[in-house]
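# Descriptive analysis of the structure
Here is how the chains run, residue by residue.
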Amino acid sequence: MEPPPLSGIKVLEFAGLAPGPFAGLLCADWGASVLRVDRAVPGAHSHAALASPPPATSDRLTRRKSSICVDLKRPDGRGLAFIKDLAAHVDVVIDPFRPGVLEKLGLAPQELLSRNPRLIIARMTGFRRDGKYSAMAGHDINYIAVSGVLSMLGRKGERPQPALNLLGDFAGGGAVCFLGIVLALLSRATSGKGQVVEANMVDGSAFLATMPRLALKTPLWSRERGTNVLDGGCPYYQTYETADGRYMAVGALEPQFFAALLKGLSLKATDLPGARDDRAIWPDLFDLFTKTFKSKTREAWEHIFDGTDACVTPMLTQQELELSAYIQKPIVTLRRTPGLAIATKKDGDGDADPGASQAVEARQGQGQGVEGEGWISNGLSPSKGGEEVLQSWLGWRRGHDFDVDQGGLVLTKVPVANPKL
């Protein structure tokens, strides 16, 4: 088994909110060394071994990352010089700021690329850089609102409801930014040149909605929100409460799956208010299924439907998964170069067959898991582990290449232009 595919890649991540850190987290999960740049704070990089480190920031997407603290707005420019010199030696910079912020700091992409032509600068914004909202602040709900996606989420007659902050921040934001980084690295492998990667959550979430957008002019999704097949309007693509106040999820769209659903519910076709494809009877069918599912506990329904093709499963909560020791895994399995493990492997995960053990390692990730098994993150204290990373990456040492002043790192060495990575 070979190392993860991003092993040896150096990523400099400017501290930000969810999407930027999530892109960095994915880089770290696939073997990259990720160094976060935090603001200078009192006590950071303290010389005193027993000094209390600064408290962890609110960012919980810090798995396998380290931190340095730098004041980029120092009047003498020594913090900025430190970052410019550091960027000349890394592979990827993750920029989570609004358009123009990096430029105002003196870290414009053209400046960084002139020092390091192989650098990949991944820029993550909420709104489009060329759109009417580009200079405005926003959050996930705003980005998916102007992307058209939010208008499709919610029940009939009710206001649209965001799906947490999954569609903008994470799926359409951080994951798309990570994809751009990987594509740029792939391009660099043949061209030898870095480039600027621009991702935004409006375009990312809009692209995720490709299928429902194309279906708007078809019977699948042509009606008002909450009355279509996949948005809560169809009684056999729905959730139902059980006798113990928990829920089952039903996705019996195809006729053969619907037949298995009826069998599990002890219902016959003659018990239905009409043909299942007749939308006029959907409210009555929903009432029938609601009453039926309410007659048994979730555990009882699991016993009935597990192992069948009825497309009926329990709705598990995050708390239930954690208590059941559900194993967190890398986002995708690469059998030859798997990502790093999130959860610690337990004895007995493999067997005497080396091939079976290797398959388990590929699915669950190679190496040791992380503290908290992917369920708990204690965050990352500003400056934690950062100096060790600088020495590992470049051999830089405090007092020789950089120093600490007012809780931030400053450059002491003469910058080297256009080094070869």
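Residues numbered from 1 in each chain as written. Predicted model: local features only at pLDDT ≥ 70, side-chain atom pairs only at ≥ 80, totals over all residues. Heavy atoms only, no water.

By the naming in an unreviewed UniProt entry, the protein chain goes by Alpha-methylacyl-CoA racemase and is assigned to Capronia epimyces CBS 606.96. Per UniProt, the protein chain carries the Sequence similarities (unreviewed entry) text "Belongs to the CoA-transferase III family." (UniProt positions renumbered as here; feature names shortened; annotations may be inferred.)

Turning next to the packing of aromatic side chains. For the coordinates displayed, the defined rule picks out 16 aromatic pairs. Look at phenylalanine 14 and phenylalanine 97: their rings are 5.7 Å apart centre to centre, the planes differ by 50°, and that puts the pair in the tilted class. Here phenylalanine 14, found in strand E1 (residues 10-14), pairs with phenylalanine 97, found in the loop between strand E4 (92-95) and helix H3 (101-104); they are 83 residues apart in sequence, far enough to count as distant. For the pair tyrosine 236 and tryptophan 282, a centre-to-centre distance of 6.0 Å together with 85° between the ring planes defines the contact as edge-to-face. Within this pair, whereas tyrosine 236 is found in the loop between helix H9 (229-233) and strand E7 (237-241), its partner tryptophan 282 is found in helix H11 (residues 282-293), the two being separated by 46 residues in sequence. Using a relative accessible area of 4% as the deciding quantity, one classes tyrosine 236 as buried. Grouped by ring-pair contacts, the aromatic residues Tyr236, Tyr240, Phe258, Trp282, Phe286, Phe289, Phe293, Trp301 and Phe305 constitute a single cluster. (Phe/Tyr/Trp six-rings, centres within 6.5 Å; stacked < 30°, edge-to-face > 60°. Helix = DSSP H or I, 4+ residues; strand = E, 2+ residues; numbered from the N terminus. Buried < 20%, exposed > 50% of the residue type's maximum accessible area, 1.4 Å probe, protein only.)

Before going further, it helps to examine the sheet that holds strand E2 (residues 33-38). Pairing between the strands of a sheet is mediated by backbone hydrogen bonds and can be parallel or antiparallel. The six strands are arranged E3-E2-E1-E4-E5-E6 in an open sheet whose pairing can be described as parallel. What marks the edges here is a single partner per strand, and that holds for strand E3 (65-69) and strand E6 (195-200). With strand direction ignored, the average angle separating the axes of adjacent strands in the sheet is 20°. As defined by bridge partners, E1 adjoins E4 across three bridges and the pair is classed as parallel. Of the residues in E4, the one forming a bridge with leucine 12 is valine 93. (Pairing = 2+ DSSP bridges. Axes fitted to C-alpha atoms, helices over the stretch in contact; angles between N-to-C directions.)

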